[in-house]
Amino acid sequence: MTRLIIGAMIRAIGAYPSGWRYPGAHRDPRGDAAVLRRAAEVAEAARLDYLFFGDWLATGHDLEYHDPYLVARVDPISAITYLAGVTSRIGLIATANTSYSDPYTLARATASVDLLSGGRAGLNLVTGAEPRAAANHGVDFHTANEARYDRAVEFEIVLRRLWDSFDDDAIVADASSGVYLDPQKLHAADFHGEHLSVTGPLNVPRPVQGHLPIVHAGISPRSRLFAAQSADLALVAVGDREQAIAIREELRSLAFESGRDDRTLKVIAPVLPIVGETREHAQSIADELSELVQIAEDWPGGPPPAFPSNRSLAQLSLLVGVDLAGLSPDRSVTPPLVAEFSAAGQELVEIVAERTGRSPSSERPPTLRHLVVAASVNASMIVGTADDIAAEFEAWGDAGAVDGFNVLSAVQPQQFEAFAFQVVPELQRRGLLPTEYEGATLREHLGLARPESVHAAGDPVAAAGQRHGSRGRLASARRHP
Ligand SMILES: Cc1cc2nc3c(=O)[nH]c(=O)nc-3n(C[C@H](O)[C@H](O)[C@H](O)COP(=O)(O)O)c2cc1C
């Protein structure tokens, strides 16, 4: 039994493509404020470690089909600033894109939220996967992966130097002597790199947490190196537990090789639980969500240009190795048809059975539509009761696959509240999540020490080495089991 970090990755209109269509679901982003406030209050009462907000620097019709939440919503920094005012303990993590942000502006905004929230702000740094963001920021093209990470490396160093502009005791504010500031304790960032040049100092006091906990979400090998060298939490997309174990092992080795205490890097995976009072109830929810996902055949005149090409019977035919042309999407998938399927097709049938309870030989066999959806909608789903989901969380933690989860909710508010009210008590009963907050700041929730100022050692090498704060220098690096 290992204490897990449990955060909620909030998408106000739901994290499943058809979640906004589900009966009673929130679906109009103009009304997000009330939904976000309610989610924050429920999450804090459940003692979750943090709320997490992703970001995307462009919009378009295509996003409607992949992740409708990204079409239009409030920006993450505004969201956590607002929620800082209506909560008192839960952490609040916003995403910022290092490829298109200005470090001085971002350092100010994030240090400010940390001070306003009593040390509960966190920052997810991404390099961006959206090429349209370039044109939205006056840039001719979306730079290649390596160049984006070269900039991200400099960005993180600058953030930490800016956050450390004021020593903790730099502002004296002694009314009797008239001394307000000790100028010896105000430091310039003085960073001039290949991609960024920032003199500083920042004009915001040092954050309550010293440095906000930094998350990095990514997929590529360069992303993993950046997470290992520069982040406190690595947010990784994983297919299964074995893959998660391997990725976490790789990340911790990279952290060790970069000279830090590898235990200070926490590995978090996104997960989308579908929670029901019974397994059948959970499967019926997953089934209804699946049936609400549109597939190409739903448009008699053909789908809109932005529609995902893989959501079609034609694509399914390729996957299962059987020509399904001319069949209705609502045609039942029965044993004789499955017998003709490829191994990949048979595996897909099993996934659908697990998620929706529909198996070929049952009274409610799956339809071809169910298979198209299962093949084209990416989501790390767990469908079941609170006990089923808590058991899966525990198994991943005990296997060393993750340090915690970013929990997505298919439908807001229903599924988020089902997780908070049904699954969290199960996690707490198993000792995976405390029943009370153990600390006041996000770092304390995450078990991360408050780092020294990068200026404390007084020399740039130390600054670079100590940019991981409590991780100390190369010499103290140890590999932990
Ligand atoms: C779990 C997860 C969450 C992510 N969230 C975001 C996000 O909110 N905004 C974003 O621009 N990119 C997000 N990304 C994408 C990464 O930031 C990254 O830009 C993308 O994967 C391309 O870079 P890479 O090939 O190095 O990963 C996420 C990636 C993962 C794995």
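The model shown is predicted, which means the values in this text are computed figures rather than measured ones.

(A) Just the pattern of salt bridges, in detail. Across all of its chains, the model carries 33 salt bridges by this definition. The closest approach of N and O atoms between Asp330 and Arg369, which form a salt bridge, is 3.3 Å. Highlighted residues: Asp330 in the loop between helix H10 (313–320) and helix H11 (335–339) and Arg369 in helix H13 (residues 368–376), separated in sequence by 39 residues. Classification of Arg369 as buried rests on a relative accessible area of 10%. Residue Glu426 pairs with Arg429 through a salt bridge whose shortest N-O separation is 2.9 Å. One end of the pair is Glu426 and the other is Arg429, both in helix H15 (residues 414–429) and three residues apart, which spans about a single turn. In the salt-bridge network here, residues are joined through shared partners; they are Asp387, Glu394, Glu426, Arg429 and Arg430.

(B) Representation of the site of the ligand. Around the ligand sit 19 residues, and of these Asp55, Tyr149, Ala217, Ile219 and Ser220 come closest. In the environment of the ligand, a nitrogen atom lies 2.5 Å from a nitrogen or oxygen atom belonging to the backbone of Asp55. In this structure, an oxygen atom belonging to the ligand sits 2.5 Å away from a side-chain N or O atom of Ser220. Burial of the ligand by the surrounding chains reaches 86%, relative to a free accessible area of 600 Å². For the shell around the ligand, the leading source of residues is helix H6 (residues 145–163), giving three residues. Considering only residue class, the shell around the ligand consists of nine nonpolar, eight polar and two charged.

(C) Examining the packing of aromatic side chains more closely. Enumeration according to the criterion identifies seven aromatic pairs in this entry. The rings of Phe393, Trp396, Phe405 and Phe419 are connected pair by pair, giving a single aromatic cluster. When the ring centre of Tyr69 is taken as origin, the NZ or CZ atom of Arg73, which lies over that ring, is 5.1 Å away.

(D) View of the packing of helix H9 (residues 279–292) against H13. The N-to-C vectors of H9 and H13 enclose an angle of 90 degrees; their axes lie 9 Å apart at closest approach. Relative to H13, the element H9 is oriented roughly perpendicular. Across the interface between the two elements, Asp287, Ser290 and Glu291 of H9 pack against Arg369, His370 and Val373 of H13. Among the residues forming the contact of H9 with H13, the class breakdown is one nonpolar, two polar and three charged.

(E) Summary view of the UniProt feature "domain: Luciferase-like" (unreviewed entry) in the protein chain. Those residues carrying the UniProt feature "domain: Luciferase-like" (unreviewed entry) are residues 32–401 in this numbering. Taken end to end, residues 32–401 is 42% helix and 14% strand, and its first and last C-alpha atoms sit 34 Å apart.

(F) Looking closely at the packing of helix H7 (residues 221–230) against helix H8 (residues 241–257). Relative orientation of the contacting elements H7 and H8 amounts to 55 degrees, with a least axis distance of 8 Å. The angle between H7 and H8 places the two elements in the oblique class. Seen from above, H7 lies across H8 with right-handed handedness. Between H7 and H8, the contacting residues are Arg224, Leu225, Ala227 and Ala228 on the first element and Ile247, Glu250, Leu251, Leu254 and Ala255 on the second. Broken down by class, the residue content of the contact of H7 with H8 amounts to seven nonpolar, no polar and two charged.

(G) Molecular detail of the domain arrangement of the protein chain. Domain boundaries in the protein chain define domain 1 (5–274 + 380–446) and domain 2 (294–376). Just the C-alpha atoms count here: the centres of domain 1 and domain 2 sit 36 Å apart. With nine residues of domain 1 at the interface, the matching set in domain 2 holds 10 residues. Summed over both sides, the interface of domain 1 with domain 2 buries roughly 790 Å², with 59% coming from carbon and sulfur. When residues of domain 1 are sorted by the area they lose upon contact with domain 2, Tyr65, Met381 and Val383 head the list and together hold 55% of the total. Taken together, the links from domain 1 to domain 2 amount to one residue pair in polar contact (both at pLDDT 80 or more).

(H) Representation of unusual backbone geometry in the model. Along the chain, Gly200 connects to Pro201 via a cis peptide bond; the corresponding omega equals -5 degrees. Unusually for a residue other than glycine, Asp190 sits at a positive phi of about 50 degrees. The residue Asp190 is located in the loop between strand S6 (179–181) and strand S7 (191–192) in this model.

(I) Region of interest: the nonpolar core. Counting residues in each nonpolar core, the largest one holds 87 residues, and the members touching the most others are Ile6, Leu48, Leu51, Phe393, Phe405 and Phe419. Ranked by residue count, the leading element in this core is H6, at eight residues. The contacts of Phe393, once residues within four sequence positions are left out, are Leu4, Ile6, Val271, Ile382, Phe405, Val407, Phe419 and Leu427. In this structure, Ile5, Leu233, Val333 and Val352 belong to the second largest nonpolar core, which totals 48 residues.

(J) Just the UniProt feature "binding site: FMN" (unreviewed entry) in the protein chain, in detail. The feature "binding site: FMN" (unreviewed entry), as given by UniProt, occupies Asp55, Thr95, Tyr149 and Ser220 in the numbering adopted here. Along the polypeptide, Thr95 turns up in strand S3 (residues 91–97). Those residues in contact with Thr95, other than ones at most four positions away along the chain, are Phe52, Phe53, Gly54, Asp55, Pro76, Asn124 and Val126. Only 2.8 Å separates the side chain of Thr95 from the backbone oxygen of Phe53, close enough to count as a polar contact. Each residue touching Ser220, except ones within four places of it in the same chain, is listed here: Asn145 and Tyr149.

(K) How the structure looks around the side chain of Ser18. Inspection of the secondary structure assignment puts Ser18 in the loop between strand S1 (5–9) and helix H1 (32–45). On the basis of relative accessibility, which here comes to 1%, the residue Ser18 falls in the buried class. Of note is the side chain of Ser18, whose polar atom sits 2.7 Å from the backbone oxygen of Leu289. Beyond its immediate sequence surroundings of up to four residues, Ser18 is in contact with Leu289, Leu292 and Val293.

(L) Geometry of the pairing of strand S9 (residues 214–218). Burial analysis of S9 places four of its five residues in the buried class, which makes it a mostly covered element. Two elements, strand S4 (residues 121–126) and S9, share three bridges in a ladder whose sense is parallel. When the bridges of S9 are listed, Leu125 appears paired with His216. The sheet contact formed by S9 and strand S10 (residues 233–236) spans four bridges and is parallel. Bridged to Ala217 within S10 is Leu235. Crossover connection from S9 via H7 to parallel S10: handedness right-handed.

Thresholds applied
- Residues numbered from 1 in each chain as written.
- Predicted model: local features only at pLDDT ≥ 70, side-chain atom pairs only at ≥ 80, totals over all residues.
- Heavy atoms only, no water.
- Salt bridge = Lys/Arg side-chain N within 4 Å of Asp/Glu carboxyl O.
- Helix = DSSP H or I, 4+ residues; strand = E, 2+ residues; numbered from the N terminus.
- Buried < 20%, exposed > 50% of the residue type's maximum accessible area, 1.4 Å probe, protein only.
- Near = heavy atom within 4 Å.
- Polar contact = N/O pair within 3.5 Å; in protein donor to acceptor, adjacent residues only side chain to side chain.
- Areas by Shrake-Rupley, 256 points an atom, 1.4 Å probe, with all protein chains shown as cover.
- Nonpolar A, V, L, I, M, F, W, Y, C, P; charged D, E, K, R; others polar.
- Phe/Tyr/Trp six-rings, centres within 6.5 Å; stacked < 30°, edge-to-face > 60°.
- Lys NZ or Arg CZ within 6 Å of the ring centre and 35° of its normal.
- Axes fitted to C-alpha atoms, helices over the stretch in contact; angles between N-to-C directions.
- Parallel < 35°, antiparallel > 145°, perpendicular 65-115°, else oblique.
- Contact = heavy atoms within 4.5 Å.
- UniProt positions renumbered as here; feature names shortened; annotations may be inferred.
- Left-handed = near helix turned anticlockwise from the far one by under 90°.
- Domains from an automatic or database assignment.
- Buried area = accessible area lost by both parts, 1.4 Å probe.
- Core = buried A, V, L, I, M, F, W, Y, C linked by side-chain atoms within 4.5 Å.
- Pairing = 2+ DSSP bridges.
- Right-handed = clockwise from strand over helix to strand, strands pointing away.

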